[in-house]
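Observations on chain architecture
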Amino acid sequence: MFELPEFATLSRQMNETLAGKTIARGSLGNTPHKFVWYNRTPDDFERLTQGKVVGRSWFRGRWLFVPLDPGYVLLFGECGGKVLYHPGSQLPAKYHLHLAFSDGSALTAATQMWGAYELYESGQERERQYVKGMRPTPTDPEFSFNYLNALIDSLLSGEKRSVKALLTQEQLIPGLGNAIAQDIMFRAHLHPRHPIAELDRDQREALHGAIVHTVREAIDQGGRYDEVDLYGRAGGYVRLMDGKAAGRPCPECGATVEKIQYLGGACYLCPMCQA
Ligand SMILES: [Zn+2]
């Protein structure tokens, strides 16, 4: 699944490559998929996108917004899989969204597990569930140490949460997912099960620094190596803590990296560095 760095990469590349192109024909794909969330019928999607011009896209958290001018915004939300640019007429066998441009190039999107491919009248996209009221994300200027510190304080009166829950659940920090969270916890020297109620100020500062730096580095490197960008190329960000790290020496201390199952997914961690 894409996380914030992959959406940032797609947004940047769409602005390099797609902005200004005119849609000759839009379609909602050639293969059914139970977990793609559409908000238009295929006929409406084709009618509403025809002749529209791609504007400058933006992202927030795990949501990518592509203006189709005049009047509409195409939204890719919480999806994974592949969003690909095709300079010529060759397309993948299966896709769930297709924009054919007047210059002969095309965009296809095929999601892997689930995701939203929705078309809104401009402005309405901000009203969508999970977009409306989204908390500050790690690339927003508001995401300061003071903000994170106050967020953690505000969560202490509710249910007991761990660091992994803070990073990956309920969009508390939108844009992070199970993949990048592993490296954030490693860099912050925090165990996934560490209760947020027990984070002292130094640990909170370490966590804030790890979030901001890891996200920035992954964006700068074009997303994770196990996802592909708009051009079908693997991203350059190689995770420190992932399936390949398990059983190998920790890059910092040499202890053997462990794999545990916790909160709906695997965690990879150093038992010496992370407490
Ligand atoms: Zn270690």
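Higher on the page you've got the structure.
Notes on the structure follow.

Thresholds applied
- Residue numbers run consecutively from 1 along every chain, following the written order of its sequence.
- Reporting in this predicted model follows two pLDDT cut-offs: at least 70 for local features of residues, and 80 or more for side-chain atom pairs to be given and counted; totals over whole chains, interfaces and linings ignore these cut-offs and use all residues.
- Hydrogens and water molecules were not included; the side-chain quantities draw on all heavy atoms of the structure.
- Here a strand is any run of E in DSSP of at least two residues, a helix any run of H or I of at least four, and the numbering for each starts at the N terminus.
- Any pair of residues with heavy atoms lying within 4.5 Å of one another is described as a contacting pair.
- Working definition of a nonpolar core: buried Ala, Val, Leu, Ile, Met, Phe, Trp, Tyr and Cys residues. They are joined through side-chain atoms within 4.5 Å.
- Only protein chains enter the accessibility calculation, which uses a 1.4 Å probe; a residue whose area is less than 20% of its type maximum is buried, one above 50% is exposed, and one in between is partly exposed.
- Classification of ring pairs rests on two measures: the distance between centres of Phe, Tyr or Trp rings, Trp counted by its six-membered ring, which must be within 6.5 Å, and the angle between planes, read as stacked under 30 degrees, edge-to-face over 60 and tilted in between.
- Donor atoms are limited to N, O and S found within 2.8 Å of the metal ion, a distance that becomes 3.2 Å for Na, K and Ca. With water left out, some sites might look partial.
- Metal sites are grouped by the angles between bound donors: all angles between 85 and 135 degrees with four donors is tetrahedral, opposite donors over 155 degrees apart with the others between 65 and 115 is square planar for four donors and octahedral for six, and any other pattern is irregular.
- Patches draw on residues past 30% relative accessible area with no salt bridge. Two like charges within 9 Å are joined, as are two nonpolar side chains (Val, Leu, Ile, Met, Phe, Trp, Tyr) within 5 Å.
- Here the accessible surface of atoms and residues is derived via Shrake-Rupley with a 1.4 Å probe, and residues count as covered only by protein chains that are part of the display.
- Salt bridge, as used here: a side-chain nitrogen of Lys or Arg that lies within 4 Å of a carboxyl oxygen of Asp or Glu.
- Only the contacting stretch of a helix is used when fitting its axis, a line to C-alpha atoms as for every element, and angles between N-to-C directions run 0 to 180 degrees.
- Any angle that is under 35 degrees is reported as roughly parallel, and any over 145 degrees as roughly antiparallel; angles of 65 to 115 degrees are reported as roughly perpendicular and all others as oblique.
- Handedness of each helix crossing follows the sense of rotation of the near helix against the far helix: counterclockwise by less than a right angle gives left-handed, clockwise gives right-handed.
- All amino acids are sorted into three groups, where Ala, Val, Leu, Ile, Met, Phe, Trp, Tyr, Cys and Pro are nonpolar, Asp, Glu, Lys and Arg are charged, and the leftover types, Gly among them, are polar.
- At least two bridges found by DSSP between two strands are what make those strands a pair.

Re the environment of glutamine 112
Its place among the elements puts glutamine 112 in the loop between strand 9 (106–110) and strand 10 (115–121). When the C-alpha atoms of glutamine 112 and phenylalanine 35 are compared, they prove to be 9.0 Å apart, with 77 residues separating the residues in sequence. Leaving out residues up to four positions away in the same chain, glutamine 112 has contacts with Met1, His33, Gly80 and Gly81.

Brief notes about the nonpolar core
Counting 29 residues, the largest nonpolar core has Leu166, Leu167, Ile173, Leu207 and Ile211 as its most contacted members. Elements supplying a minimum of two residues to this core: helix 1 (4–17), helix 3 (145–155), helix 4 (163–168), helix 5 (178–187) and helix 6 (201–220). Sort the elements by how many residues they give to this core and helix 6 lands first, with six residues. Setting aside residues up to four positions removed in sequence, isoleucine 173 forms contacts with Pro138, Phe143, Leu148, Leu151, Leu166, Leu167 and Ile211. Counting residues in hydrophobic clusters, the runner-up holds 28 residues, among them Met14, Leu64, Leu99 and Leu230.

Things to note about the packing of aromatic side chains
This structure, assessed with the given rule, holds four aromatic pairs. A centroid spacing of 5.6 Å and a plane angle of 90 degrees characterise the contact between phenylalanine 2 and phenylalanine 7, whose relative ring orientation is edge-to-face. Geometrically, the ring pair formed by phenylalanine 76 and tyrosine 117 is edge-to-face, given 5.4 Å between the ring centres and 70 degrees between the ring planes. Pair noted here: phenylalanine 76 is in strand 6 (residues 72–77) and tyrosine 117 is in strand 10, with a separation of 41 residues, a long-range link.

Details of the coordination of the zinc ion
Ligation of the zinc ion by protein atoms is provided by Cys250 (SG), Cys253 (SG), Cys270 (SG) and Cys273 (SG), these donors lying 2.2 to 2.4 Å from the ion. Taken together, the four donor atoms coordinating the zinc ion span angles of 101 to 114 degrees at the metal, a pattern that classifies the geometry as tetrahedral. As a motif over one chain, the donors of the zinc ion read C-x2-C-x16-C-x2-C. Taken individually, cysteine 270 and cysteine 273 each receive the classification buried, so the pair is uniform in this respect.

Details of a nonpolar patch on the surface
A surface patch of nonpolar side chains, about 400 Å² in accessible area, is lined by Phe35, Trp37, Met113 and Trp114. Structurally, the position occupied by phenylalanine 35 is in the loop between strand 1 (23–27) and strand 2 (36–38). When its relative accessible area of 45% is taken as the criterion, phenylalanine 35 is described as partly exposed.

Let's talk about the packing of helix 5 against helix 6
At their nearest, the axes of helix 5 and helix 6 sit 8 Å apart, and the two run at 135 degrees to each other. With respect to helix 6, the axis of helix 5 lies oblique. Of the two possible hands of crossing, helix 5 and helix 6 adopt the one that is right-handed. On the side of helix 5, the interface is formed by Ile180, Asp183, Ile184 and Arg187, while helix 6 contributes Leu207, Ala210, Ile211, His213, Thr214, Val215, Glu217 and Ala218. By residue class, the composition of the contact of helix 5 with helix 6 is seven nonpolar, two polar and three charged.

Some remarks on the sheet that holds strand 9
Working definition: the strands of a sheet are paired by backbone hydrogen bonds and lie parallel or antiparallel to each other. The strand order across the open sheet built from four strands is 1-8-9-7, with neighbouring strands paired in antiparallel fashion. Edge positions in the sheet fall to strand 1 and strand 7 (82–86), since each has one partner strand and no second. Across this sheet, the average inter-strand angle for adjacent strands is 10 degrees, counted without regard to direction. Across the face of the sheet, helix 2 (residues 42–49) comes into contact with strand 1 and strand 8 (97–101) while running at roughly 165 degrees to strand 1.

Regarding the pairing of strand 10
Burial of strand 10 is extensive: six of the seven residues sit out of reach of the surface. Looking at chain direction, strand 2 and strand 10 are connected through three bridges and run parallel. Bridging from a neighbouring strand, tyrosine 38 pairs with tyrosine 117 of strand 10. Bridge count between strand 6 and strand 10: six bridges; the pairing is antiparallel. Considered in strand 10, the bridge of leucine 74 is made with leucine 119.

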